[in-house]
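A closer look at the structure
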Amino acid sequence: MVWDHIAQFLVHWWQEALGKNGWIAAFGLFGQAMFMSRFIVQWISSERAGRSVVPVTFWYFSLAGGALVLLYGLLKPDLVIIAGQLPGLVVYARNLHLIHKHKRAEAAAAT
């Protein structure tokens, strides 16, 4: 009996969470998965190096995942998600810019 109530509660909660626009929830979950992937990339890179490492891929996953989660927040609309993602996107884009600027300078110095 208790398990039936728990199952009914979870089914009801899931239906409420998806609402009429289940595709928005699926899109948001995909964005969160992209965003979470950056931590997996960072962890594997650090384990391989034996020290803390932030690879360039981390910033690409950050930018892609953050943009998708921001778009989800705009579609929802959810002001907390929007406000939480906007500043991060600036930082991720700036880090990628600095990385590529440094690589261009190294390439120019090598030639």
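As the structure is a computational prediction, the values presented were derived from the model and not from experiment.

Interhelical geometry of helix α2 (residues 22–49) versus helix α3 (residues 56–75) gives an angle of 160° and a closest axis separation of 8 Å. In terms of axis orientation, α2 runs roughly antiparallel to α3. The handedness of the crossing between α2 and α3 is left-handed. In the contact of α2 with α3, the residues fall into 17 nonpolar, 9 polar and 1 charged.

F35, F58, W59, L70, I82, L89, Y92 and L96 together form the largest nonpolar core, which totals 8 residues. When residues of this core are traced back to their parent elements, those giving at least two are α3 and α4 (79–110). Excluding residues within four positions of it along the chain, F58 makes contact with R38, F39, V41 and Q42.

Mapped onto the elements, T111 comes out in the segment after α4. Distance from T111 to G31, taken between C-alpha atoms, is 40 Å for residues 80 residues apart in sequence. Here the side chain of T111 touches A108 through a polar contact of 3.0 Å, landing on its backbone oxygen.

It is the contact of α3 with α4, at a shortest axis distance of 9 Å, that shows an interaxial angle of 155°. The orientation of α3 relative to α4 falls into the category roughly antiparallel. Considering the relative orientation of α3 and α4, their crossing is left-handed. Here α3 contributes V56, W59, Y60, S62, L63, G66, A67, V69, L70, Y72, G73 and L74 to the contact with α4, which in turn contributes I81, I82, Q85, L86, L89, Y92, A93, N95, L96, I99, H100 and K103.

What counts as what
- Residues numbered from 1 in each chain as written.
- Predicted model: local features only at pLDDT ≥ 70, side-chain atom pairs only at ≥ 80, totals over all residues.
- Heavy atoms only, no water.
- Axes fitted to C-alpha atoms, helices over the stretch in contact; angles between N-to-C directions.
- Helix = DSSP H or I, 4+ residues; strand = E, 2+ residues; numbered from the N terminus.
- Parallel < 35°, antiparallel > 145°, perpendicular 65-115°, else oblique.
- Left-handed = near helix turned anticlockwise from the far one by under 90°.
- Nonpolar A, V, L, I, M, F, W, Y, C, P; charged D, E, K, R; others polar.
- Core = buried A, V, L, I, M, F, W, Y, C linked by side-chain atoms within 4.5 Å.
- Buried < 20%, exposed > 50% of the residue type's maximum accessible area, 1.4 Å probe, protein only.
- Contact = heavy atoms within 4.5 Å.
- Polar contact = N/O pair within 3.5 Å; in protein donor to acceptor, adjacent residues only side chain to side chain.

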